Amino acid sequence: MSRCPTCWHMTTPDGHETAHLARARRYATAEAQRATYRDASKLATTLNQLSRQGKAANLIVEGLMPFKKTPINIVKRAVEYSPIGLLDTATRGVRDLRRGSITASQFIDRLSAGMVGSQIVALGVWAAASGIVRASGSGDDDRDGYDEYTLGYQDYAIQIGDNSYTIDWMAPAVMPFMVGAELYRMEQLEQGDGISVATLLDSLSLISEPLVSLSMMDGLQNTLTQIAQSDNKIASIATSATGQYVSQAVPTLFGQLARIGQENAKTTYTDPDSWIPTFAQKILYKSRNKIPAIPQSVIDAAPDSMANLLKWYNSHCTIAAGTDLLDSWGRTTSNGSVPYRVFANMVSPGYYSRIQKTSTDEELLRLYDKTGNAALLPGLPDKRLSLANGTAIVLSADQYTQLKREIGVNSYNLLTKMISSAAYKSAADEDKMALIRDCYDYVRELAKCNLNENVTKTSWIWKINASGIDPATAIAIRYNLQQIEQQAQADGTKRTQMQTMQREYIMSTDLSAGQKKQLDEMFISRYQFVYQEANVDYSSSETMQATQMSESAQKRWPAAKSAGWNIDDYQQMYRIVSDRRTGYTKDAKRADAKKAGFSDDQFTYMWDLYYKNRG
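What counts and how
- Residues numbered from 1 in each chain as written.
- Predicted model: local features only at pLDDT ≥ 70, side-chain atom pairs only at ≥ 80, totals over all residues.
- Heavy atoms only, no water.
- Helix = DSSP H or I, 4+ residues; strand = E, 2+ residues; numbered from the N terminus.
- Contact = heavy atoms within 4.5 Å.
- Polar contact = N/O pair within 3.5 Å; in protein donor to acceptor, adjacent residues only side chain to side chain.
- Buried < 20%, exposed > 50% of the residue type's maximum accessible area, 1.4 Å probe, protein only.
- Pairing = 2+ DSSP bridges.
- Salt bridge = Lys/Arg side-chain N within 4 Å of Asp/Glu carboxyl O.
- Core = buried A, V, L, I, M, F, W, Y, C linked by side-chain atoms within 4.5 Å.
- Axes fitted to C-alpha atoms, helices over the stretch in contact; angles between N-to-C directions.
- Parallel < 35°, antiparallel > 145°, perpendicular 65-115°, else oblique.
- Phe/Tyr/Trp six-rings, centres within 6.5 Å; stacked < 30°, edge-to-face > 60°.

Asks: Give a detailed account of the environment of Lys516, specifying residues and quantitative values.
Replies: Along the polypeptide, Lys516 turns up in helix 25 (residues 513-523). Between the alpha carbons of Lys516 and Ile469 there is a distance of 9.7 Å; along the sequence they are 47 residues apart. Beyond its immediate sequence surroundings of up to four residues, Lys516 is in contact with Ile506, Met507, Thr509, Leu511 and Tyr538. A polar contact of 3.1 Å, which involves the side chain of Lys516, links it to the backbone oxygen of Met507.

Okay, here's the thing in structure tokens:
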């Protein structure tokens, strides 16, 4: 050591450390702890002390934050490498440097960290604007749920085309980058008007979103979210902490092996009538979904008695007991091939998802973004079926999965047909939303009836279902017939005239004569004050009008048609000459006919046709 000219001052001649070496060792230790997020933290120390204050305190603290020092220091580093850190250095850091509280080297380190972090934030803004990165969701639970579970979007992910891959595992290095993405998202929420000073400050406050979500403090964040949405705050804290504490008992490796063994993703079903509280069911079943199932090959090779025991174990105690995870359109979520499942669970640090967004999704989201009406998006059905006798039954896990699948698949197919139809495209947005609502109602009721035929039934749904007419077409026609009726009532139009307008609308459609007659019977004739069987012939516009005339007018029509009359002139003149109002003389009728554009010869012909052929 004495031969080293640069380090002679590190030890004394007798081999003991000098103050220089002790100071260097303390600095190196502090930097190593800082680099590995193990430096001292008063908050972490306080939490550790709090967790030792009893079993209840231990359960809550350890459940919410099993790791303390590391995540807290990660958040501290992320703040330092951000515009907030740069601002802090430019203000408080300058003051500390002047007072001698920090050295010039420490000030330069802090300034450099803030500047580098700010540049990374700018990079995040650019990446989000380019569409290659997605930060957190919109904050709208309905929209975010649809984006994630149906379309395949992921928070804190790189997006290239229809491919999404999460990068939250890169925390804390990625935190400033995601803060930039959050800034861009906030700017978009401002309708592209730019970021005001107030908005910028609000955006900077959003630094907590990626910092908390991307650190090991996400358990605490989930609990705070549950508390905000719960009416019973104390119970929410207890149940959330208990759930997270229990889930820690199952090793991560078990969960990975469990997912590798399943072809499709699994979810849990909670029974609303079970003696086990819902929160406890969620805790138990979530943990159960981390337990690997016994392979079928092992069960097949086992003796019958053992095979039955293994089957029972799989169906009650492992991930195999879970139900298939379906998206809003009833599609099963595949885990991919076995090699892919091994790679995804054992090698890949992030999660991959394929974004599947169709024109149907885009139209629903367009209307939702415009109105905020959550009924436009496919939701989950109730676990209870209401029956016609006033009672209700609770669906089993398999029945509920069947109901979700049938409603999802059929809703998507029906909505796709509806949205691509000419009737939908020509409708106003308000009418489009009503048509979408009717499509959901139609599919949901039929799906419920497939599970139990004693459910409460809606008349128009079953008429359309029994007619054989394409449901999208029939629903659109029914809605337009209702609109004609509402407008007629507003205008004070007589019911017979309104029905004529409705029949003219049906006649204008591309359906067959038989289908037009079916629609007439379903939605026009059966709404008359005194019901009479609709005998309208939809073979042509002429027969459609002729078969709506009175029996007397129909009787005389063939002769008038042979004389060269068209159906419209015949009906107008016939109404004049057949009017039996008191005081309405022949001369008065002749005058009215002349005003309507008819000649004396035409009036005389119709007069003779009516009065000489009566009886």
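There's plenty left to go through after this.
Asks: I'd like a description of unusual backbone geometry, backed by residues and values.
Replies: You will see that Tyr156, though not glycine, has its phi angle at about 55°, which is positive. With respect to the helices and strands, the residue Tyr156 is situated in the loop between helix 7 (141-151) and strand 2 (157-160).

Asks: Could you give me a rundown of the pairing of strand 2, with the residues and numbers involved?
Replies: A one-sided burial pattern is seen for strand 2, the buried positions being Ala157 and Gln159 and the unburied ones Ile158 and Ile160. Sheet topology note: the strand 1 (residues 133-134)/strand 2 ladder contains two bridges and is antiparallel. Its bridge partner lying in strand 2, Val133 is registered against Ile158. Hairpin remark: strand 2 followed by strand 3 (residues 163-166), antiparallel, with two residues in the connecting loop; positive phi at Gly161, about 65°.

Asks: Residue-level account of the pattern of salt bridges, with values.
Replies: Per the stated rule, a full pass over the model turns up 23 salt bridges. In this structure, the salt-bridge partner of Arg134 is Asp155, at a minimum N-O distance of 3.4 Å. Within this pair, whereas Arg134 is found in strand 1, its partner Asp155 is found in the loop between helix 7 and strand 2, the two being separated by 21 residues in sequence. Owing to a relative accessible area of 35%, Asp155 belongs among the partly exposed residues under this scheme. Across the pair Asp438 and Arg478 runs a salt bridge, and its minimum N-O distance is 3.6 Å. Taken as a pair, Asp438 in helix 21 (residues 429-451) and Arg478 in helix 23 (residues 471-491) lie far apart in primary sequence, 40 residues in all. The same class applies to Asp438 as to Arg478, namely buried.

Asks: With reference to specific residues and values, describe the nonpolar core.
Replies: What tends to happen in soluble globular proteins is that the nonpolar side chains get buried as a cluster. Of all hydrophobic cores here, the largest spans 58 residues; its most connected members are Leu364, Met418, Ile436, Tyr442, Ile475 and Leu519. Taken together, the elements giving at least two residues each to this core come down to helix 7, helix 18 (359-371), helix 19 (397-419), helix 21, helix 22 (459-467), helix 23, helix 24 (495-507) and helix 25. The leading source of residues in this core is helix 21, at twelve residues. Once you skip the residues sitting within four places of it in the chain, Tyr442 turns out to touch Leu414, Trp460, Ile461, Ile464, Asn465, Pro471 and Ile475. Of all hydrophobic cores here, the second largest spans 20 residues; its members include Met549, Trp557, Tyr574 and Leu609.

Asks: Would you mind going over the packing of helix 18 against helix 19 in detail, with residue names and values included?
Replies: Packing of helix 18 against helix 19 brings their axes to within 10 Å, and their N-to-C directions diverge by 80°. Comparing the axis directions of helix 18 and helix 19 gives the class roughly perpendicular. Contact residues: helix 18 offers Thr360, Glu363 and Leu364, while helix 19 offers Tyr412, Leu415, Thr416 and Ile419.

Asks: I'd like a rundown of the packing of aromatic side chains, residues and numbers included.
Replies: Under the counting rule described, the total for this entry stands at eleven aromatic pairs. Judged by centre distance (5.7 Å) and plane angle (50°), the rings of Tyr269 and Tyr400 are tilted. Residue Tyr269 is found in the loop between strand 4 (266-267) and helix 14 (278-288), and its partner Tyr400 is found in helix 19; the two are separated by 131 residues along the sequence. Each member of the pair, Tyr269 together with Tyr400, is buried. A network of ring pairs unites the aromatic residues Trp557, Tyr570, Tyr574, Phe603, Trp607, Tyr610 and Tyr611 as a single cluster.

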